[in-house]
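Coordinate inspection notes
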Amino acid sequence: MISVISPVFNSEICLDELVNRIIKSTKKITNNFQIVLVDDGSKDDSWNKIIQLKKKFKFIKGIKLKKNYGQHHAIYVGIKNCSNEIIIVMDCDLQDNPKFIPLMYKVYKKKNKPVIIQHSYENFNFSSRIISNIFWIFLSVISFRKFSSYLGNYLLIDNKIKKKYLLIDNL
């Protein structure tokens, strides 16, 4: 029913806490969920931590990229490899608080539209803002909705948006 995707880069320290918080929040909605952790070429022990978590929890899927391709590519890979109708994307560093997952789901069920949590990006560098702007412009085009460039990666989409998003692969 729900896939929670998180790109991982040098984040072994917070992965246990991330997974525990996702489990706690997602179980308020359903017991039918998966967590997809995409290691984006981490230099630390993130991949081994993901392997440990996969052994502990059968609903965790780990994907290891050969090198660091960037957060948006890792998100793309996670979306492409998830298997549920509802997809939640969130950063792994806990700046995106998993406690909002039930609220995002409730809003989605009420409005039947993507749900995005807005962040403040005062501390982001110029290149990060440019990449983020490109991502949100593209999502606005494929979903026929206008999104602010001050949005983060904390979002909920469904399979209709997923299919349009994955069309990038065919361009």
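Preceding this paragraph is the structure being described.
**Quick notes on the pairing of strand S4 (residues 86-89)**
- Residues Ile86 and Ile88 of S4 are buried on one face, and the alternating residues Ile87 and Val89, pointing to the opposite face, are buried as well.
- Note that strand S1 (residues 2-8) and S4 share four bridges and pair parallel. Paired with valine 4 across the two strands is isoleucine 88, which belongs to S4.

**Description of the pairing of S1**
- Counting buried positions along S1 gives seven out of seven residues, so the element sits mostly inside the fold.
- Where burial is concerned, the two faces of S1 agree: the one with Ile2, Val4, Ser6 and Val8 and the one with Ser3, Ile5 and Pro7 are both buried.
- Pairing of S1 with strand S2 (residues 33-39), which is carried by seven bridges, proceeds in the parallel orientation. Paired with isoleucine 2 across the strands is phenylalanine 33, a residue of S2.
- Between the parallel elements S1 and S2, the chain passes through helix H1 (residues 15-26) in a crossover that is right-handed.

Here is what the cut-offs are and how they apply
Residues numbered from 1 in each chain as written. Predicted model: local features only at pLDDT ≥ 70, side-chain atom pairs only at ≥ 80, totals over all residues. Heavy atoms only, no water. Buried < 20%, exposed > 50% of the residue type's maximum accessible area, 1.4 Å probe, protein only. Helix = DSSP H or I, 4+ residues; strand = E, 2+ residues; numbered from the N terminus. Pairing = 2+ DSSP bridges. Right-handed = clockwise from strand over helix to strand, strands pointing away.

The values reported here are purely geometric and, on their own, carry no functional implication.
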